[in-house]
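An overview of the molecular structure
Residues per chain are reported as follows:
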Amino acid sequence: MTGPTTSRGRLVLALALTVAVALFLAFVPLHRHWFDLNVYYDAVGHWLRDGRIYDFTIPGADGADYGFTYPPFAALCMLPMALFTWPAAITLSMVLNVAASATLLTWLIGPIVRRHGWNKWFAFVVAACLFVLLEPVRDTFSFGQVNLLLLVLVFFDAWLLSTGRGRFAGCGIGLAAAIKLTPAIFIGYLLITRRWRAAATATGTAAAATLLALAVAPGASRIYWTEALWDTDRIGVLSYVSNQSWEGVLARLFDPVPPSGVVWALGVLAVLAVWAHRVRCAVAVGDERAGFALTGVTACLISPITWVHHLVWLLPALAVLVDSGLRPDAPPARRRLLLQVGAVVYVLLCSSVVWLWRFDSTGVDGFLGSNTYVWICLGLLIALPLRGARSAAMLGQEPYPARIP
């Protein structure tokens, strides 16, 4: 990392960067006014008052009505919000997301900082400023979303597996899957990579949490698993530009005709086939971090709805891409290419570019531009670089550590 070589120079630059980013966040991006947190907060209150949670809705900016879409176990986890005032609930959401962000940055860039001998506090300040500029991160904070917290739960298991503590792995993934169904794909990752014990632990944890919710809230559980889960209208408008999934691509392409379920299923199967092959390759070379990162990318692609704020699941893949461009055992030309690609991906994920086609996604430019984040996901799935013992051996080098911490 090039930059100031004195403590005073680093301090001045860190303060200037922090102030600039703070001013940008205060005045430039569209603030979401904690809309999702408001749904959680009011839905939980409605549940306590009227005994029902899945019939509560709030109108959204896209004309759809949004209600509580998570499993009943998530509602149990959010129930303590009823003890807080609305300002206190916002504060709690911000504190939890800050803590999750700090944890993720420690896991994702900590190894890079130590490996290259960079000044630790200065590197983390720069990384934090770059981190909060990403649109998925900005939206997670201003929507009051929970995906950063779920990402921490999942990557706790990745940390356990990559540090030889795999016998304890699976609980984080299981809890995340019980709170929101999408992280259940990481159980598939454990199965594909033959982590039978971790997969069993994750499945058992998710089942136990779900059964706990069934025992505590049988009515809500029955409605969710038999009705609410299958009502796609509750989630939102599939063709809305914020939906950066494979189904979002189809919905915008064929709007106003509903997208073909067969075409969607074939696309999902193709994505899963590529994912299964690539995660096997990642684990074969000892790159646990890349395997988990590829799974997060795949989750974004195959989910029926992947709002822009859900794309925080791309953060590990972005870290892998940049880290691969900094590794000393790669040819200089390859390093430059990877860093350039990483910079382009980062800028696009900061740019909010898809919103240029919010009202009209027709035409070639609309097809390409309104699905920009989907193309990024596909590119990362296909070409995310892997590293580990085998790749290092091919270059006649010592194995390049692939652990998370």
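Residues numbered from 1 in each chain as written. Predicted model: local features only at pLDDT ≥ 70, side-chain atom pairs only at ≥ 80, totals over all residues. Heavy atoms only, no water.

Per an unreviewed UniProt entry, the protein goes by Glycosyltransferase 87 family protein and derives from Streptomyces asiaticus subsp. ignotus.

1. Focus: the overall build of the protein
Our working definition: By the criteria applied, helices consist of DSSP H or I runs no shorter than four residues and strands consist of E runs no shorter than two, each listed in order from the N terminus. Every radius of gyration here is taken over C-alpha atoms, with the globule rule written as 2.2 Å times N^0.38, N being the number of residues. Partly exposed residues are those whose accessible area sits between 20% and 50% of the maximum for their type, while under 20% is buried and over 50% is exposed, using a 1.4 Å probe and protein chains only. Throughout, a residue-residue contact means that at least one pair of heavy atoms, one from each residue, lies within 4.5 Å. In these tables, accessible area is a Shrake-Rupley quantity obtained with a 1.4 Å probe, and a residue counts as shielded only by the protein chains included in the view. The convention is simple: Lys and Arg are positive, Asp and Glu are negative, and His and the chain ends are not counted. Charge positions come from single atoms, namely NZ of Lys, CZ of Arg, CG of Asp or CD of Glu.
When helices and strands are tallied, the protein shows 19 helices and two strands. Relative to the 2.2 N^0.38 estimate, which gives 22 Å for 405 residues, the radius of gyration of the protein is 21 Å and therefore close to what a compact globule would have. If one aligns the C-alpha atoms of the protein with their principal axes, the spans along those axes are about 65 × 50 × 50 Å. Put simply, the protein has 405 residues, and 52% of those count as buried. Long-range pairs, those at least 24 residues apart, make up 73% of the contacts in the protein between residues at least 6 apart in sequence. In the structure as shown, the protein presents an accessible area of about 18,300 Å², 69% of it carried by carbon and sulfur atoms. Where the 29 positive side-chain charges of the protein centre and where its 21 negative ones centre are 16 Å apart.

2. Some remarks on the packing of helix 12 (residues 246-254) against helix 13 (residues 261-284)
Two numbers describe a pair of packed helices, the interaxial angle and the distance between the axes. Threshold: Fitted lines through C-alpha atoms give the axes, limited to the stretch in contact for helices. The angle between two N-to-C directions lies from 0 to 180 degrees. Handedness of a crossing is defined here by the sense of rotation of the near helix relative to the far one, left-handed for an anticlockwise turn of less than a right angle and right-handed for a clockwise turn. Throughout this entry, Asp, Glu, Lys and Arg are counted as charged residues, while Ala, Val, Leu, Ile, Met, Phe, Trp, Tyr, Cys and Pro are counted as nonpolar. The remaining residues, Gly among them, count as polar.
Axis separation between helix 12 and helix 13 bottoms out at 10 Å; the angle between their running directions is 145°. Classified by chirality, the crossing of helix 13 by helix 12 is right-handed. Within the contact between the two elements, helix 12 uses Trp-246, Glu-247 and Leu-250 and helix 13 uses Val-263, Trp-264, Gly-267 and Val-268. Partitioned by chemical class, the residues of the contact of helix 12 with helix 13 number five nonpolar, one polar and one charged.

3. Focus on the environment of Gly-166
For Gly-166, the position within the fold is in the loop between helix 7 (147-162) and helix 8 (171-179). When the C-alpha positions of Gly-166 and Ala-198 are compared, they lie 7.0 Å apart, and in sequence the two are 32 residues distant. Apart from residues lying up to four places away in sequence, Gly-166 is in contact with Leu-160 and Leu-161.

4. Description of the packing of aromatic side chains
Put simply, the rule reads: Note on aromatic pairs: the rings of Phe, Tyr and Trp (six-membered ring only in Trp) are paired at centre separations within 6.5 Å, and the planes decide the class, stacked below 30 degrees, edge-to-face beyond 60, tilted for the rest. Working rule: Lys NZ or Arg CZ, within 6 Å of ring centre, within 35 degrees of ring normal, means a charge sits over the ring.
On inspection of all chains with the given rule, the structure shows 18 aromatic pairs. Ring geometry for Phe-156 versus Trp-159: centroids 5.9 Å apart, planes at 25°, classification stacked. Here Trp-159 and Phe-156 lie together in helix 7, a separation of three residues that amounts to about one turn. A relative accessible area of 37% means that Phe-156 is categorised as partly exposed. Summarising the aromatic geometry, the rings of Tyr-240 and Trp-307 are spaced 6.1 Å apart at their centres and angled 75° between planes, so their arrangement reads as edge-to-face. Linking Tyr-240 in the loop between helix 11 (218-226) and helix 12 with Trp-307 in the loop between helix 14 (288-302) and helix 15 (315-326), this pair joins segments that are 67 residues apart in sequence. Taken as a pair, Tyr-240 and Trp-307 share a single burial class, namely buried. A cation over a ring is seen here: Arg-32 above Trp-355, with NZ or CZ 5.2 Å from the ring centre.

5. Some remarks on the nonpolar core
To keep it simple, the criterion reads: Definition used in this section: a nonpolar core is a set of buried Ala, Val, Leu, Ile, Met, Phe, Trp, Tyr and Cys residues joined via side-chain atoms within 4.5 Å.
Grouped together as the largest cluster of nonpolar side chains are 120 residues, with contacts concentrated most on Phe-68, Phe-292, Leu-314, Leu-315 and Leu-384. Excluding residues that lie within four positions of it along the chain, Leu-384 makes contacts with Arg-278, Ala-290, Ala-293, Leu-294, Ala-317, Val-320, Leu-321 and Gly-379.

6. Digging into unusual backbone geometry
A cis amide bond links Asp-255 to the next residue, Pro-256, at an omega of 10°. Along the chain, the position of Pro-256 falls in the loop between helix 12 and helix 13. For His-33, which is not glycine, the phi dihedral falls at a positive 55°. In this structure, His-33 sits in the loop between helix 1 (7-27) and helix 2 (35-50).

7. Focus: empty space enclosed by the protein
In plain terms, the rule: Site definitions follow a grid-based scheme: protein atoms alone, a 1 Å grid, a 1.4 Å probe that fits but cannot get out for cavities, and for pockets an open set with protein on both sides within 12 Å along at least five of seven lines, plus lining residues having an atom within 4 Å of a point. Grid points are joined across faces, edges and corners, and a volume is the space filled by probe spheres set on the points.
This model, assessed by the stated rule, comprises one cavity of 30 Å³ or more. As for the largest cavity, its lining consists of Pro-71, Pro-72, Phe-73, Ala-178, Thr-210, Ala-213, Ser-221 and Trp-225. Sorting the residues of the lining of the largest cavity by element identifies helix 3 (72-78), helix 10 (196-216) and helix 11 as the ones contributing at least two each.

8. With respect to the environment of Val-44
With respect to the helices and strands, the residue Val-44 is situated in helix 2. Separated by 34 residues in the primary sequence, Val-44 and Arg-10 place their C-alpha atoms 46 Å from one another. Not counting residues within four places of it along the chain, the set of residues in contact with Val-44 comprises Ala-75, Met-78, Leu-79 and Ala-82.

9. Topic: the pattern of salt bridges
In plain terms, the rule: Here, a salt bridge means any Lys or Arg side-chain nitrogen found within 4 Å of an Asp or Glu carboxyl oxygen.
Throughout the structure, instances matching the rule amount to seven salt bridges. For Arg-115, the salt bridge is made with Asp-323, and the minimal N-O distance between the two is 3.0 Å. Highlighted residues: Arg-115 in helix 4 (residues 86-116) and Asp-323 in helix 15, separated in sequence by 208 residues. Each member of the salt-bridge network shares a partner with another, and the members are Arg-115, Arg-289 and Asp-323.

10. A short note on helix 8
One turn of an α-helix holds 3.6 residues; hence residues three or four places apart share an orientation. With seven of nine residues buried, helix 8 lies mostly within the body of the structure. Residues of helix 8 that are buried: Gly-172, Ile-173, Gly-174, Ala-176, Ala-177, Ala-178 and Ile-179.

11. Looking at the layout of surface pockets
Estimates place the volume of the second largest pocket at around 680 Å³. As for the second largest pocket, its lining consists of 22 residues, of which Ile-109, Ala-127, Leu-130, Val-322 and Tyr-346 are closest to the centre. Mapped by element, the contributors of at least two residues to the lining of the second largest pocket are helix 4, helix 5 (120-133), helix 15 and helix 16 (332-351). Classifying every residue of the lining of the second largest pocket by side-chain character gives 21 nonpolar, one polar and no charged.

12. Re the confidence of the model for the protein
Applicable threshold: Confidence scores labelled pLDDT are given residue by residue by the predictor and lie between 0 and 100.
Mean pLDDT over the protein: 89, with 93% of residues reaching 70 or higher. Within the protein, helix 18 (residues 372-383) carries the highest mean pLDDT (97), whereas helix 19 (residues 389-394) carries the lowest (38).

13. Details of a nonpolar patch on the surface
Just so we agree on the cut-off: The patches described consist of residues with a relative accessible area above 30% and no salt bridge, like charges being joined within 9 Å and nonpolar side chains (Val, Leu, Ile, Met, Phe, Trp, Tyr) within 5 Å.
Together, Val-19, Leu-23, Phe-24, Leu-25, Phe-27 and Val-28 make up a nonpolar patch on the protein surface, roughly 570 Å² of accessible area in all. Tracing the sequence through the fold places Phe-24 in helix 1.

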